[in-house]
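Structural overview for review
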Amino acid sequence: MQRLPTGEVVITPRNFKLLEELEHSEKGLGDMSISYGLVNSSDIFMGEWNGGILGPHGQKTQHDSRFYELKISIPESYPATPPKVRFVSKINMNCVDPNNGEIIYSKVPATKNWNRNMGMEQVLISLRAEMASGENRRTKQPPEGSTF
């Protein structure tokens, strides 16, 4: 959503927003401790994405230097609603359902305070910040390579 100098509000269509995010990711712009990209480059609806988060380094967390794989599904209502995010890599965090790896939207700041100007990058950054939070930094983690 953009506000023009005339005061008009322009709402960016879903696919334009996703193309913008894809370009941003492919060019390596933004936070280098996260990554995201299309599962299938020929998917014209851009509905399924892979994500990755490198655990916070040097903050004495259980996540230090671990790599977590995620699946991101983009609903038709995106960007009005946040993407559906699920950890593939097993992880113990208070904002992740321990049975299936789905994030709990009410416990992740980026999804709890979602607005259409946000994107996948903000969700992944928010999850990484949660790894370093007082509630999650010392939580014992499953062996590396474990999956949901």
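Residues numbered from 1 in each chain as written. Predicted model: local features only at pLDDT ≥ 70, side-chain atom pairs only at ≥ 80, totals over all residues. Heavy atoms only, no water.

Looking at the overall build of the protein
This is how it is decided: Runs of H or I in DSSP of at least four residues are treated as helices and runs of E of at least two as strands, each being numbered from the N terminus. For this measure, only C-alpha atoms enter the radius of gyration; the expected value for a globule follows 2.2 Å times N^0.38, where N is the number of residues. For the exposure calls, accessible area comes from a 1.4 Å probe over protein chains only, and a residue counts as buried if that area is under 20% of its type's maximum, exposed if over 50%, partly exposed in between. Note on contacts: a residue pair is in contact if any heavy atoms of the two residues lie within 4.5 Å. Values of accessible area rely on a 1.4 Å probe in the Shrake-Rupley scheme; residue burial ignores everything except the protein chains shown. The charge count treats Lys and Arg as positive and Asp and Glu as negative. His and the chain ends do not count. Lysine's charge is taken at NZ, arginine's at CZ, aspartate's at CG and glutamate's at CD.
Each helix and strand counted, the protein has 3 helices and 6 strands in total. Start at the N end of the protein and walk to the C end: the helices and strands fall as β-β-α-β-β-β-β-α-α. Over its C-alpha trace the protein gives a radius of gyration of 16 Å, about what one expects of a compact globule, namely 15 Å for 148 residues. C-alpha extents for the protein along the principal axes are approximately 50 × 35 × 30 Å. Per-residue burial over the protein gives 41% buried out of 148 residues. Pairs at least 24 residues apart make up 54% of the contacts formed inside the protein by residues separated by at least 6 positions. Counting only carbon and sulfur atoms, one obtains 52% of the accessible surface of the protein, whose full area is about 8,300 Å². The averaged location of the 17 negative side-chain charges in the protein is 7 Å from the averaged location of its 17 positive side-chain charges.

Overview of the packing of aromatic side chains
Let me state the cut-off plainly: When the centres of two rings from Phe, Tyr and Trp lie within 6.5 Å, Trp using its six-membered ring, the rings pair. Their planes under 30 degrees apart give stacked, over 60 give edge-to-face, and anything left gives tilted.
Within the structure shown, the criterion is met by 3 aromatic pairs. For the pair Y36 and W49, a centre-to-centre distance of 6.3 Å together with 40 degrees between the ring planes defines the contact as tilted. Within this pair, whereas Y36 is found in strand β3 (residues 34-38), its partner W49 is found in strand β4 (residues 48-54), the two being separated by 13 residues in sequence. For the pair Y36 and W49, one class covers both residues: buried.

Let's talk about the nonpolar core
Soluble globular proteins tend to pack their nonpolar side chains together in the buried interior. Our working definition: Buried Ala, Val, Leu, Ile, Met, Phe, Trp, Tyr and Cys residues that are joined via side-chain atoms within 4.5 Å together make up what is termed a nonpolar core.
One finds W49, I53, I72, F87, M120, L124 and L127 to be the most contacted residues of the largest nonpolar core, which totals 29 residues. Sorting the residues of this core by element identifies α1 (14-26), β3, β4, β5 (67-73), β6 (84-87) and α3 (120-131) as the ones contributing at least two each. Take this core: its biggest share by element is 5 residues, from α3. Once residues within four sequence positions are removed from consideration, I53 is found in contact with S33, I34, R66, F67, Y68, L70, F87, L124, L127, R128 and M131.

Describing the sheet that holds β4
Operational definition: A pair of strands is considered paired only if DSSP assigns at least 2 bridges between the two. To get an axis, a line is fitted to the C-alpha atoms, and for a helix only the part in contact is used. The angle between two axes follows their N-to-C directions and goes from 0 to 180 degrees.
Reading across the sheet, the 4 strands line up as β3-β4-β5-β6 and stay open at both edges, with antiparallel pairing between neighbours. In this open sheet, the two edge strands, each paired with only one partner strand, are β3 and β6. Averaged over all pairs of adjacent strands, the angle between strand axes in this sheet comes to 25 degrees, irrespective of strand direction. Where β3 meets β4, 5 bridges bridge the pair, whose relative direction is antiparallel. For I34, the partnering residue across the bridge sits in β4 and is I53. Most of the contacts of α1 go to β3, to which it runs at about 125 degrees, and overall it touches β3 and β4. Contacts from α3 reach β3, β4, β5 and β6 within the one sheet, and its direction differs from that of β3 by about 145 degrees.

A word on the pairing of β4
Taken together, the 7 bridges between β4 and β5 define a ladder with antiparallel strand orientation. Looking across to β5, one finds that I53 is bridged to Y68.

So, unusual backbone geometry
Phi is mostly negative for residues that are not glycine, and the peptide bonds are mostly trans. Residue P79 is reached from Y78 by a cis peptide bond, and omega for that bond is 10 degrees. Here P79 shows up in the loop between β5 and β6. One non-glycine residue with positive phi stands out, namely S65, at about 65 degrees. Assignment of secondary structure puts S65 in the loop between β4 and β5.

Shape descriptors only; they carry no functional weight alone.
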